[in-house]
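Topology and contacts: notes
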Amino acid sequence: KQGRSKMSTNTEKVTELRERGNECVRAGNYAEAIIHYSHAIKSDSSSPQLYSNRSYAFLKLQQYYHALEDANEAIRLDPGWAKGYFRRGEVEFATSHFGQALESYRRASQLQNDPTLLECVLRANREMTRQQKVDQQTPWVGAGIGLILGVLVVVGDAIIAKESVLTVSSLCAMYVGIIFTYSCNHLKHNFGCH
């Protein structure tokens, strides 16, 4: 009987701490919410809901590493619970890991039929597509800017300076070659070519 009473007291304590944390979240006091959820987790480390709630509070404070850790722990504790995957997707989306967010949202929507989750899947897919387009354009812009800057430095040095720093034409050619090589390597790295 004493074991049941102690367990009941612990459950009440965890519930009270969780509710305090929830109140803090509603009030926008995320740091204080984290403290309450952390104390609740010390008393009951098997609750995926507590980790999920704390993940949300960490996310609101842009503490992405901790938010992701808690989301992953919620998933580990209950792999069949959609909200754990949703929390992980929210962190991944906030950190611009749109492909990973898409997978987390998809998994959540497989576990729970919810229009909000479907909207998250569509949003992550749109952002992933947009990011892929930007990534395809960025290397060319970077390479072009690098080449233009290299030529401008050499030409500017020859025209503006009273005494050219790059006096030997082979040094000028070498500088342009270094800039060109850097630009090409930048392209290869971003396109995965070797």
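Residue indices follow the written sequence of each chain, beginning from 1 at its first position. Reporting in this predicted model follows two pLDDT cut-offs: at least 70 for local features of residues, and 80 or more for side-chain atom pairs to be given and counted; totals over whole chains, interfaces and linings ignore these cut-offs and use all residues. The basis for every side-chain value is the complete set of heavy atoms in the structure, and neither hydrogens nor water enter the calculation.

Time to look at the packing of aromatic side chains. Ring geometry is summarised as follows: Phe, Tyr and Trp rings, the Trp one being its six-membered ring, pair when their centres sit within 6.5 Å, and such pairs are stacked at plane angles under 30 degrees, edge-to-face over 60 and tilted between the two. Applying the stated criterion to the full structure yields three aromatic pairs. Summarising the aromatic geometry, the rings of Tyr30 and Tyr56 are spaced 6.4 Å apart at their centres and angled 80° between planes, so their arrangement reads as edge-to-face. Of the two residues, Tyr30 is situated in helix H2 (residues 30-43) and Tyr56 in helix H3 (residues 48-60); the sequence distance between them amounts to 26 residues. Each residue gets one of three labels from its accessible area relative to the maximum for its type: buried under 20%, exposed over 50%, partly exposed in between, using a 1.4 Å probe on protein chains only. Classification of Tyr56 by relative accessible area gives partly exposed; the value is 27%. Ring geometry for Phe86 and Tyr105: centres 6.2 Å apart, planes at 40°, overall tilted. Put simply, DSSP H or I for four residues or longer makes a helix, DSSP E for two residues or longer makes a strand, and each gets a number counted from the N terminus.

Take the UniProt feature "repeat: TPR" (unreviewed entry) in the protein next. In the numbering used here, UniProt assigns the feature "repeat: TPR" (unreviewed entry) to residues 48-81 and 82-115. Structurally, residues 48-81 comprises 79% helix and 0% strand, and the distance from its first C-alpha atom to its last is 9 Å. The span residues 82-115 is 82% helix and 0% strand, and its two end C-alpha atoms sit 13 Å from each other. UniProt positions are given in the numbering used here, feature names are shortened, and annotations may be inferred rather than shown by experiment.

Let us now look at the pattern of salt bridges. When a carboxyl oxygen of Asp or Glu lies within 4 Å of a side-chain nitrogen of Lys or Arg, that pair is called a salt bridge. Taken as a whole, this structure holds nine salt bridges when the rule is applied. Close ionic contact of Arg54 with Asp70 constitutes a salt bridge, the shortest N to O distance being 2.6 Å. One end of the pair, Arg54, is in helix H3; the other, Asp70, is in helix H4 (residues 64-77), and 16 residues separate them in sequence. Residue classification places Arg54 among the buried residues on the basis of a relative accessible area of 14%. Salt-bridge contacts for Glu92 lead to Arg88; the nearest nitrogen and oxygen are separated by 3.8 Å. Taken together, the residues Glu92 and Arg88, both in helix H5 (residues 82-94) and four residues apart, mark about one turn of the helix. Given the relative accessible area of 9%, Glu92 is considered buried.

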